[in-house]
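Overview (structure and organization)
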2 protein chains.
Amino acid sequence: MKKHNFSAGPCILPQEVLKKASEAILNFNNDNLSLIEISHRSKPVVDVMNKAQQLVLELLGLENKGYKALFLHGGASLEFLMTPYNLLPIDGKAAYLDTGTWSAKAIKEAKLLGNIEIVASSKDKNYSYIPTDYTVPDDAAYFHCTSNNTIYGTQMKSFPNAKGYRVCDMSSDIFSRQLDFSSFDLIYAGAQKNMGPAGVTLVVIKEEILGKTGRSIPSMLDYKLHIDKESMFNTPPVFALYVSMLTLEWLKNLGGIPAIEKINQTKAAMLYDEIDNNPLFEGVAVKSDRSMMNATFTLTDLTLTDKFDKLCEQAGINGLKGHRSVGGYRASMYNALPLESVEVLVNVMKNLKK
Amino acid sequence: MKKHNFSAGPCILPQEVLKKASEAILNFNNDNLSLIEISHRSKPVVDVMNKAQQLVLELLGLENKGYKALFLHGGASLEFLMTPYNLLPIDGKAAYLDTGTWSAKAIKEAKLLGNIEIVASSKDKNYSYIPTDYTVPDDAAYFHCTSNNTIYGTQMKSFPNAKGYRVCDMSSDIFSRQLDFSSFDLIYAGAQKNMGPAGVTLVVIKEEILGKTGRSIPSMLDYKLHIDKESMFNTPPVFALYVSMLTLEWLKNLGGIPAIEKINQTKAAMLYDEIDNNPLFEGVAVKSDRSMMNATFTLTDLTLTDKFDKLCEQAGINGLKGHRSVGGYRASMYNALPLESVEVLVNVMKNLKK
């Protein structure tokens, strides 16, 4: 049975990407060798790295603007540590916005390295909204925020002014909507939402902001070193890198971010429309802060839980269970999720009403 | 044409592993979903993690001995930093043996965190031997060494006594030979030699040695936290983990480390025999310290270089070029390299003589 994959991440990837990735495991580049058994210093793999970096800058509109794209190990969780190591001066201060679990984790790691000011938090209402009533202090070396909160289904629609650098964890909505990416100095994202499989992390950084903290930075945590080594200081996660490159290529061929944004808007509108108009469901996040990627919702009548779950299963719907800290349901509608899958889910919701 | 893959890493993996990995990209676990598009918290992926951990301890003979196996991000290069973070007390000292590029890199990172004593180094002769004339100081919290040096083709045949913990980077020879693994307290290894593709790192650690340094350890660098979270503190590199599990399973079915050690001994003996008896070649590493995994050798008559390279290419031999810091040739004979490939190489060497 065809599956409709609403997983929150790792999540759905384009079918054509999966097909090419599967082939590359057996025979890459027509060399009768697998992608995963050749040197990362060989030309075909170096070409993949270069192409992936180039596609990132092109898709984000950051070519020739002093940015570098890196594909690193560790997940976004390691970036929580790398950010202050590279950007927080020893006696400096950084400002963080707390909009959910991932923001809170970023704050925890940064506090190990210095003075962190939490400018606002929506923890008081289980992170169901994005705070707006705050200003970023002028003496903060950087401002850090999370653009989309997978668990709670909220998304920042605008970003505050900041005198220091702007840093954003875009793990769960990068490449999904148009933004002025050049207004950020450091963007990072675990691949496993809109870009590829788990196991590689994208870092996009304005090179000129580095080298100013006075810290001794361990090699693996040093953005400058990774830039100097062209993102191959150590063996990169070749397979995850390759699949990311294929997914970026797929997005470019589709028309890039403007094209996918329209599709994402259509999918989100269709689902939120049903949530708002079907009396059996209600949304979790504040309407104005709703995420285009992750829709969180609950049943108004919990006795229908088994019935709804069964209808979903019969329709081939996968990965709809909400995170334990929110409960209910979460439909993740990342770039590769077809409109058809949202239609199937909406039909199941309508059928439950009948 | 069939390839004979002598790459130093990423390197050859068993064909049946590549086949299963390729299939899992399209349809994993007969669920009509790809391995790389489902949640790492889903039962099939958690099962892969558990099985991989169990196979590691079983193959190394470390079951029920207080060890934990972790599959982490970052490569062995991140372990260079994690080792002192987790094992070096704030005012303590650690002892390191310098046997090559990777030892030197480990030393560099450790020095950021404390007092490091280099007990011996073979840098004086371009790392062509393993030093033995040293003792590990009793006040060292731990002793760190690299069991096999891919670049130089040397391998430790025995390990010194140490009062502190014994730590070993076994990236390039783990699972290739029988050792008393329980004599080590911490073993780590990047996957991309004998275990799987690049992008995951194995850590085997005696749990009782943790939590004694007095340091605040960043989450992603904290072994104790990774143990508590069953190696899923953040999204693991699922694909690399899965391929590692398949490779460990392949090794177990083959008869485990005793069986592969015999095969590896046969392969190495065959190649070194040719190197020693063919006047056109000579080995680089001191004989008693030769690696069973990576044989480094040169042509005695450099004018034959083009001819030898061409014969190799015609025979389908891949990845034989030596590392730039040694020159010449390096034949890596990891677990998955068939005896047949060594025979092909030896025949080419014999043909050059004719």
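Here the structure is a predicted model, which is why all the values come from computation and not from measurement.

1. Comments concerning the overall build of chain A
For chain A, the helix and strand inventory stands at nine helices and 14 strands. Taken over the C-alpha trace, chain A has a radius of gyration of 21 Å; the compact-globule value for 354 residues is 20 Å, and the two agree within 12%. Put simply, chain A has 354 residues, and 55% of those count as buried. A sequence separation of at least 24 residues applies to 68% of the contacts in chain A between residues at least 6 apart.

2. Structural notes on the domain arrangement of chain A
All names here are of chain A. As assigned here, chain A comprises domain 1 (15-254) and domain 2 (256-353). Its C-alpha centre places domain 1 at a distance of 27 Å from the equivalent point of domain 2. Contact with domain 1, which involves 23 residues of that partner, is made by 24 residues of domain 2. Elements with a contribution of two residues or more to the side of domain 1 that touches domain 2: β6 (148-149), β7 (154-155) and α6 (238-254).

3. Overview of the relation of the copies chain A and chain B
Each copy of the sequence occupies a distinct position, and chain A is placed on chain B by a rotation of 180° and an axial shift of 0.0 Å, giving an RMSD of 0.0 Å. The superposition of one copy onto the other is thereby described by a two-fold rotation axis. For chain A, the residue whose C-alpha comes nearest the rotation axis is Ser 22 of chain A, separated from it by 2.3 Å. A shared interface surface links the copies, since 98% of the contact residues of chain A are contact residues in chain B too.

4. What about the interface of chain A and chain B?
On the side of chain B, 49 residues touch chain A, which itself brings 50 residues to the contact. Grouping the amino acids of the side of chain A that touches chain B by side-chain chemistry returns 26 nonpolar, 20 polar and four charged.

5. Focus: the sheet that holds strand β9 (residues 186-190) of chain A
All names here are of chain A. Strand order in the open sheet made by the seven strands is β2-β10-β9-β8-β5-β3-β4, with mixed pairing throughout. Each having just a single partner strand, β2 (67-72) and β4 (115-121) make up the two edges of the open sheet. On average, each strand axis in the sheet is tilted by 15° relative to the strand beside it, whichever way the strands run. In this structure, strand β3 (residues 93-98) lies alongside strand β5 (residues 140-146), joined through three bridges in parallel fashion. Its bridge partner lying in β5, Lys 93 is registered against Ala 140. Of the strands in this sheet, β3, β5, β8 (165-169), β9 and β10 (201-206) are in contact with helix α3 (residues 76-87), which crosses β9 at around 160°.

6. Let's talk about the nonpolar core
Membership of the largest hydrophobic core comes to 235 residues, with the highest contact counts inside it found for Tyr 242 of chain A together with Tyr 242 of chain B. Once residues lying within four places of it in the same chain are set aside, the contact partners of Tyr 242 of chain B are Ala 21, Ala 24, Leu 35 and Val 48 of chain B.

7. Structural notes on the sheet that holds strand β11 (residues 281-283) of chain A
Either a parallel or an antiparallel arrangement is found when strands of a sheet pair, and the pairing is made through backbone hydrogen bonds. All names here are of chain A. Spatially, the three strands line up as an open sheet ordered β11-β12-β14, and their pairing is antiparallel. Sheet topology places β11 and β14 (329-332) at the edges, where each strand pairs with a single neighbour. Shown here is a sheet whose adjacent strand axes are inclined to one another by a mean of 35°, direction ignored. Direction of pairing for β11 relative to strand β12 (residues 294-299): antiparallel, over a ladder of three bridges. Residue pairing for β12: Glu 282 is matched across the bridge by Thr 298.

8. Brief notes about the packing of helix α2 (residues 43-59) of chain B against helix α6 (residues 238-254) of chain B
Residues and elements named next belong to chain B. Remark: α2 packs on α6, axes separated minimally by 9 Å, with the N-to-C direction vectors making an angle of 40°. Taken together, the axes of α2 and α6 are oblique relative to one another. Crossing angle aside, the handedness with which α2 passes α6 is left-handed. Listed contacts from α6 to Val 45, Val 48, Met 49, Lys 51, Ala 52, Leu 55, Val 56 and Leu 59 of α2 are Val 238, Leu 241, Tyr 242, Ser 244, Met 245, Leu 248, Glu 249, Leu 251 and Lys 252. Taken together, the residues of the contact of α2 with α6 sort by class into 13 nonpolar, one polar and three charged.

9. Some remarks on the packing of helix α1 (residues 15-26) of chain A against α6 of chain A
Residues and elements named next belong to chain A. Closest axis-to-axis distance for the α1/α6 pair is 9 Å, and the angle between their directions is 145°. Helix-helix and strand crossings are classified by hand; for α1 and α6 the assignment is right-handed. For the pair α1 and α6, the contacting residues are Glu 16, Val 17, Lys 20, Ala 21 and Ala 24 in the first and Tyr 242, Val 243, Leu 246, Thr 247 and Trp 250 in the second. Its residues placed into classes, the contact of α1 with α6 shows seven nonpolar, one polar and two charged.

10. Some points on the pairing of strand β8 (residues 165-169) of chain B
Residues and elements named next belong to chain B. With five of its five residues buried, β8 lies for the most part within the structure. In β8, alternate side chains face the same way, and those of Tyr 165, Val 167 and Asp 169 on one face and Arg 166 and Cys 168 on the other are all buried. Pairing of strand β5 (residues 140-146) with β8, which is carried by five bridges, proceeds in the parallel orientation. Counterpart to His 144 in the pairing with β8 is Val 167. Note: β8 against strand β9 (residues 186-190), three bridges, orientation parallel. Bridge assignment links Cys 168 to a residue of β9, and that residue is Ile 187.

11. A look at unusual backbone geometry
Residue and element names in this part refer to chain A. Here Gly 9 and Pro 10 are connected by a cis peptide whose omega angle stands at -5°. Turning to its location among the elements, Pro 10 is positioned in the loop between β1 (4-5) and α1. Phi angles above zero are rare outside glycine, and Asn 64 is one such case at about 55°. For Asn 64, the location among the structural elements is in the loop between α2 (43-59) and β2.

What counts and what doesn't
- Residues numbered from 1 in each chain as written.
- Chains lettered and ligands numbered in written order.
- Predicted model: local features only at pLDDT ≥ 70, side-chain atom pairs only at ≥ 80, totals over all residues.
- Helix = DSSP H or I, 4+ residues; strand = E, 2+ residues; numbered from the N terminus.
- Rg over C-alpha atoms; globule rule 2.2 N^0.38 Å.
- Buried ≥ 20, exposed ≤ 12 C-beta atoms within 10 Å, placed from the backbone.
- Contact = placed C-beta atoms within 7 Å.
- Domains from an automatic or database assignment.
- Least-squares fit on C-alpha atoms with pLDDT ≥ 70 in both.
- Nonpolar A, V, L, I, M, F, W, Y, C, P; charged D, E, K, R; others polar.
- Pairing = 2+ DSSP bridges.
- Axes fitted to C-alpha atoms, helices over the stretch in contact; angles between N-to-C directions.
- Core = buried A, V, L, I, M, F, W, Y, C linked by C-beta atoms within 7 Å.
- Parallel < 35°, antiparallel > 145°, perpendicular 65-115°, else oblique.
- Left-handed = near helix turned anticlockwise from the far one by under 90°.

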